[in-house]
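Observations on the three-dimensional arrangement
One-letter residues, chain by chain:
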Amino acid sequence: MRTRPTSGVGRSGPVAWMVLPALVLFIVFGVVPLVGVLVLSFTTWDGLGAITPAGVSNWKTVLNDPQLPHTILVTFEIMIFSWLVQTPISLLLGTFLAGRQRYRAFLAVLYFIPLLLSSAAIAITYKALLDPNFGLGPGLHLDFLTQDWLGNSTLAVAVVIFIVSWQFIPFHSLIYQGGVRQIPTTMYEAASIDGAGRVRQFFSITVPQLKYTIITSSTLMVVGSLTFFDLIFVLTAGGPGDATRVLALDMYKRGFMSNQMGPASVIAALIVLLGLALALILRRLGGSTTASQQEGA
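Reference entry: report on the structure contained in this document. These numbers come from a predicted model, not from an experiment.

So, on to unusual backbone geometry. For the bond from G239 to P240, the omega torsion is -5°, close enough to zero to count as cis. Along the chain, P240 falls in the loop between α12 (230–235) and α13 (247–257). A positive phi is found at A237, a non-glycine position, where the angle reads about 55°. Mapped onto the fold, A237 is located in the loop between α12 and α13. Positioned with a positive phi, N259 is a non-glycine residue whose angle comes to about 55°. Take N259: its relative accessible area is 43%, and that puts it in the partly exposed class.

Right, dumping it as structure tokens:
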């Protein structure tokens, strides 16, 4: 008896129903709040009273603010330098932890501890350790640590970059660890037969094979850096002056300290637009998913 071939369209029905709950949650908790913020950016609201239309006045106020370029510059400065610190260290640690030895699994657990701590707790701890009068430097009588780390503009930015990197390197190391373990061991065995050492194998096999893992990790770093708030707020409150005032902190100060929800919503919309633009750029650099699958085949 001749059987009728099953259509692919029929099989996609159950799959579509399985996706529906996630789609509903995304719309309710993602799209709706985003649209609400965008609408709020065209209004005047102090957080308590009536909401009144304001046209594009909030956008003009924010975009013409002479402080905005500095805030964007600080945001990108922390983003770029934290990426430059985190990426190579995470890649090396991930490659090291990908080994099957038991002690490496134990080290992986230890490296993950900073990510389990809240950013506010980390900021309070480092603020106490870096205190020029009662911190780690004076306690150990180390002159190079006895500095006004959070009172100097350059040092304050460097401290923020260091703490951000310290906190999130474990997370990205685990991403690279998983990526390295997906690389076929036969590639390393063939390279060893050809006389390639560990360093040559790392740059000729590991790094090229982790191209798309690097793109994914970099996207998380770059887009995530746009939302840094709690750590900077507790550590420096944007100071000294406005040396560490990033976009997320600027949004908070406008909205909840100055009761200007309209301009704060404009900053929020700018953060979303910058995040989308950066994610698309990194995706373009990584190439299409189809190309990656063909290369991995």
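We are not done yet, so read on.
Counting 20 residues, the largest nonpolar core has I78, V159, I163, I232 and L235 as its most contacted members. Contributions of two or more residues to this core are made by α3 (68–97), α6 (119–129), α8 (153–181) and α12. At 6 residues, the largest contribution of residues to this core is made by α8. If we skip the residues at most four places from it in the chain, L235 touches A123, K127, L150, V159, V160 and I163. Counting residues in each nonpolar core, the second largest holds 15 residues, with W59, L68, V266 and A269 among its members.

A few words on the side chain of T87. Tracing the backbone shows T87 in helix α3. For T87, the side chain forms a polar contact with the main-chain oxygen of W83, separated by 2.9 Å. Setting aside its immediate chain neighbours within four residues, T87 contacts Y176 and M221.

What follows deals with the packing of α3 against helix α4 (residues 102–111). Viewed as axis vectors pointing N to C, α3 and α4 meet at an angle of 145°, and their least axial separation amounts to 9 Å. Of the residues in α4, those touching α3 at L93, F96 and L97 are Y103, R104, L107, A108 and Y111. Grouping the constituent residues of the contact of α3 with α4 by class yields 7 nonpolar, no polar and 1 charged.

The residue F162 is located in helix α8 in this model. Taking the relative accessible area as the measure of exposure, F162 reaches 48% and is therefore partly exposed. Sequence-wise, F162 and L93 are 69 residues apart; in three dimensions their C-alpha atoms are separated by 17 Å.

So, on to the packing of aromatic side chains. Applying the stated criterion across every chain yields a total of 9 aromatic pairs. Ring geometry for Y126 versus W166: centroids 5.6 Å apart, planes at 75°, classification edge-to-face. Separated by 40 residues along the polypeptide, Y126 in helix α6 and W166 in helix α8 bring together distant segments of the chain. A relative accessible area of 14% places Y126 in the buried class. When the centroid spacing of 5.3 Å and the interplanar angle of 20° are considered together, the rings of F229 and F233 count as stacked. Taking relative accessible area as the criterion, F233 reaches 29% and is therefore assigned partly exposed. Feature note: the residues F229, F233, Y252 and F256 constitute an aromatic cluster, connected by ring pairs.

Rules used throughout
- Residues numbered from 1 in each chain as written.
- Predicted model: local features only at pLDDT ≥ 70, side-chain atom pairs only at ≥ 80, totals over all residues.
- Heavy atoms only, no water.
- Helix = DSSP H or I, 4+ residues; strand = E, 2+ residues; numbered from the N terminus.
- Buried < 20%, exposed > 50% of the residue type's maximum accessible area, 1.4 Å probe, protein only.
- Core = buried A, V, L, I, M, F, W, Y, C linked by side-chain atoms within 4.5 Å.
- Contact = heavy atoms within 4.5 Å.
- Polar contact = N/O pair within 3.5 Å; in protein donor to acceptor, adjacent residues only side chain to side chain.
- Axes fitted to C-alpha atoms, helices over the stretch in contact; angles between N-to-C directions.
- Nonpolar A, V, L, I, M, F, W, Y, C, P; charged D, E, K, R; others polar.
- Phe/Tyr/Trp six-rings, centres within 6.5 Å; stacked < 30°, edge-to-face > 60°.

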